[in-house]
Amino acid sequence: MSLRKEVSWLRENYRVSQQRACGLMAIAVSSFRYQSTRSDEGLRGQLVELARKKPRFGYRRLHILLDACGTRVNHKRVYRVYREAGLAVRRKARKRLMREGSPRPALTAANQEWAVDFAHDALASGRAIRVMSVVDECTRECLTLEVDSSFASPRVTRALEMILTEREKPLAIRCDNGPEFTSRHFLSWCIERRIELVHIQPGKPQQNGYVESFNGKLRDECLKVSWFENLWDARRKIAAWQKEFNEERPHSSLGYRTPEEYARQLLASPGSALRATPAEATLPQDTNVL
């Protein structure tokens, strides 16, 4: 309870004068009588408009969008107005579990390790679709979001080949133990390309945490808020979200820079390289390596 509320409570319950109650609570009478003339309607309107466009953004990302629009305002004021407007995003409480294990080595350059996984959704007709996500674990760039009704191993390698036409090949690919990633076709493709294949342990998706986190954002900000009329419509909308994620969406783990901006800065920094040497690509001890 604030001092002003405590003064009001004293006056209502003990019938003391305003000056006496302020003296007991060590607050100036002028401070108790002060009424703010500041209006937050303009800021509230901007926040509501941005929240309608990005309903799953919290106040920190909305604050960055306000700065990009030229509105300079303190982040604490943004949070207060954000809460008063009822824009807070409800999130599930995290499970706090204590785990012991060796930390994964820090990545220092792009194309050291890619992470691959699948997300699932459905079209308006009820037909199931799968979304193949490929993420660079250092720069957090989404390299591709392939949408199809099913993914056999040749379909997976074809999507990876499309990425390799524009980027250097990775030193390693991290994935689960699905049939797409354990088939002879995929294993031979990795051997032919001289790419290290890291299979996570069964039942431990946290070992592929980067792409799991990305898929959570994909589902929260795209799949849950979109209605896909057909497969072509799903590909168009998901591709638009991928472009927005890489070029516009501020990433908290990158200092609220976009993945594309971070990748450019990493490449331009002294001593950096687009890809690491094989000696730098140390793999965690708790994974199965091809």
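Preceding this paragraph is the structure being described.
This one's a predicted model, so the numbers in the text were calculated from it and none came from an experiment. (Residues numbered from 1 in each chain as written. Predicted model: local features only at pLDDT ≥ 70, side-chain atom pairs only at ≥ 80, totals over all residues. Heavy atoms only, no water.)

## Details of the overall build of the protein chain
Point 1. Scanning the protein chain from terminus to terminus reveals twelve helices and six strands.
Point 2. Long-range contacts, defined here as pairs at least 24 residues apart, represent 62% of the contacts in the protein chain between residues at least 6 apart.
Point 3. Surface exposure of the protein chain reaches about 17600 Å², of which carbon and sulfur atoms provide 50%. (Helix = DSSP H or I, 4+ residues; strand = E, 2+ residues; numbered from the N terminus. Contact = heavy atoms within 4.5 Å. Areas by Shrake-Rupley, 256 points an atom, 1.4 Å probe, with all protein chains shown as cover.)

## Re the packing of aromatic side chains
The geometry of an aromatic ring pair comes down to the distance between the two centres and the angle between the two planes.
Point 1. Applying the stated criterion to the full structure yields ten aromatic pairs.
Point 2. With a centroid separation of 5.3 Å and an interplanar angle of 50 degrees, the aromatic rings of phenylalanine 118 and phenylalanine 151 are classed as tilted. Of this pair, phenylalanine 118 sits in strand 1 (residues 113–122) while phenylalanine 151 sits in the loop between strand 3 (142–148) and helix 7 (153–164), placing them 33 residues apart in sequence. Neither residue differs from the other here; phenylalanine 118 and phenylalanine 151 are each classed as buried.
Point 3. For the ring pair phenylalanine 214 and phenylalanine 245, a centre distance of 5.0 Å and an interplane angle of 85 degrees mean the geometry is edge-to-face. Here phenylalanine 245 lies in helix 11 (residues 231–247) and phenylalanine 214 lies in helix 10 (residues 209–223), a separation of 31 residues in the sequence.
Point 4. By relative accessible area, phenylalanine 214 is classed as buried at 3%. (Phe/Tyr/Trp six-rings, centres within 6.5 Å; stacked < 30°, edge-to-face > 60°. Buried < 20%, exposed > 50% of the residue type's maximum accessible area, 1.4 Å probe, protein only.)

## Focus: the environment of arginine 219
Point 1. Relative to the helices and strands, arginine 219 resides in helix 10.
Point 2. Taking the C-alpha atoms as reference, arginine 219 lies 8.7 Å from aspartate 121; in sequence the two are 98 residues apart.
Point 3. Excluding residues that lie within four positions of it along the chain, arginine 219 makes contacts with Ala119, His120, Asp121 and Lys224.
Point 4. Side-chain polar atoms of arginine 219 contact the backbone oxygen of histidine 120, separated by 2.2 Å. (Polar contact = N/O pair within 3.5 Å; in protein donor to acceptor, adjacent residues only side chain to side chain.)

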